[in-house]
Amino acid sequence: LSNLTFQNYVIDMYKMKLKELSDDFDIRLCERIPEDSVYCFSNLSNFDGELSDFELYVLKERFDKLKNQYNLPSYGDKQTEFAIVDACNFIESFGQIVNIVSNDLEQGITKRVIGLTAPFEIVYDRIVKRARNGEEKYVFPYQDNADVIFNTFLAYELAVLKIYAEPLLHKVSEDDPEYLAAIRLIKLLDLVLPMPSDDVPSLSILREFIGGSCFEN
């Protein structure tokens, strides 16, 4: 199943569901807007060469047609309002969403994207559990059969990367589809102190990301 085939399948499913919705409702809530699928699965770029420029153009045209036909919200759309809700407590977050939607109805706002966020500790715990489950399922059972094992982890890598990453993350605007991801990363970096890269060896794999690697030439 090619990436393009999968993206077209996702669009077809959204289109089918949208057709089933009645126009009698004052409010239509979607768990994910159609545009999200491309960002999640192909990042709207030539993802590993799987999507050509023409294929990306075709997908974008299909999304634009769908958004216009059903008046869907869109990233970067000036007519779409954005809000961030703390998703740590379901009752509180649901109350915030109700208040936002009620206010939109009063003000005549027809398109709204609500981003759900949670404290870093909760998000981090979920990520660690998913990563650990993946390791126990796909890595640990097979590592003893490998001819060579090379662990690239460095205890100081996050502290070094903080100096490079933090300024870039703060430049991400609220209407950017990666805004919530940037906020999560900023919270992660808040937990560590920055470390200068002067003492990072030139043969360190970390140099492949920050420059100055002896393997560049």
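Residues numbered from 1 in each chain as written. Predicted model: local features only at pLDDT ≥ 70, side-chain atom pairs only at ≥ 80, totals over all residues. Heavy atoms only, no water.

Caption draft 1: Molecular detail of the packing of helix α7 (residues 157-170) against helix α8 (residues 179-189). At their nearest, the axes of α7 and α8 sit 10 Å apart, and the two run at 145° to each other. The handedness of the crossing between α7 and α8 comes out as left-handed. In this structure, α7 uses Leu-158, Lys-162, Ala-165, Glu-166, Leu-169 and His-170 to contact α8, whose residues at the interface are Ala-182, Leu-185, Ile-186, Leu-188 and Leu-189. When the residues that make up the contact of α7 with α8 are grouped by side-chain class, the tally is eight nonpolar, one polar and two charged. (Axes fitted to C-alpha atoms, helices over the stretch in contact; angles between N-to-C directions. Helix = DSSP H or I, 4+ residues; strand = E, 2+ residues; numbered from the N terminus. Left-handed = near helix turned anticlockwise from the far one by under 90°. Contact = heavy atoms within 4.5 Å. Nonpolar A, V, L, I, M, F, W, Y, C, P; charged D, E, K, R; others polar.)

Caption draft 2: Representation of the pattern of salt bridges. As enumerated under the stated definition, the model contains two salt bridges in all. In this structure, Arg-62 and Asp-12 form a salt bridge, with 2.7 Å as the shortest nitrogen-oxygen distance. Taken as a pair, Arg-62 in helix α3 (residues 53-70) and Asp-12 in helix α1 (residues 3-20) lie far apart in primary sequence, 50 residues in all. Its salt-bridge partner being Glu-135, residue Arg-132 comes within 3.2 Å of it at the nearest N-O pair. Taken together, the positions of Arg-132 and Glu-135, both in helix α5 (residues 120-138) and three residues apart, correspond to about one turn of that helix. A relative accessible area of 41% places Arg-132 in the partly exposed class. Relative accessible area serves as the criterion here: at 30%, Glu-135 is assigned to the partly exposed category. (Salt bridge = Lys/Arg side-chain N within 4 Å of Asp/Glu carboxyl O. Buried < 20%, exposed > 50% of the residue type's maximum accessible area, 1.4 Å probe, protein only.)

Caption draft 3: Geometry of a negative patch on the surface. On the surface, Glu-174, Asp-175, Asp-176 and Glu-178 cluster together into a negatively charged patch. Following the sequence through the fold, Asp-175 ends up in the loop between α7 and α8. When its relative accessible area of 37% is taken as the criterion, Asp-175 is described as partly exposed. (Patch = residues over 30% accessible without salt bridge, like charges linked within 9 Å, V, L, I, M, F, W, Y side chains within 5 Å. Areas by Shrake-Rupley, 256 points an atom, 1.4 Å probe, with all protein chains shown as cover. Lys, Arg positive; Asp, Glu negative; His and termini not counted. Charge placed at Lys NZ, Arg CZ, Asp CG, Glu CD.)

Caption draft 4: Quick peek at the nonpolar core. In this structure, Leu-4, Ile-11, Leu-18, Leu-51, Leu-56, Leu-59, Phe-63, Leu-66, Tyr-70 and Leu-72 together form the largest nonpolar core, which totals 10 residues. At the level of elements, α1 and α3 are the ones that each hand at least two residues to this core. Ranked by residues supplied to this core, first place goes to α3 with five residues. In contact with Tyr-70, other than residues within four places in its own chain, are Lys-15, Leu-18, Lys-19 and Arg-28. (Core = buried A, V, L, I, M, F, W, Y, C linked by side-chain atoms within 4.5 Å.)

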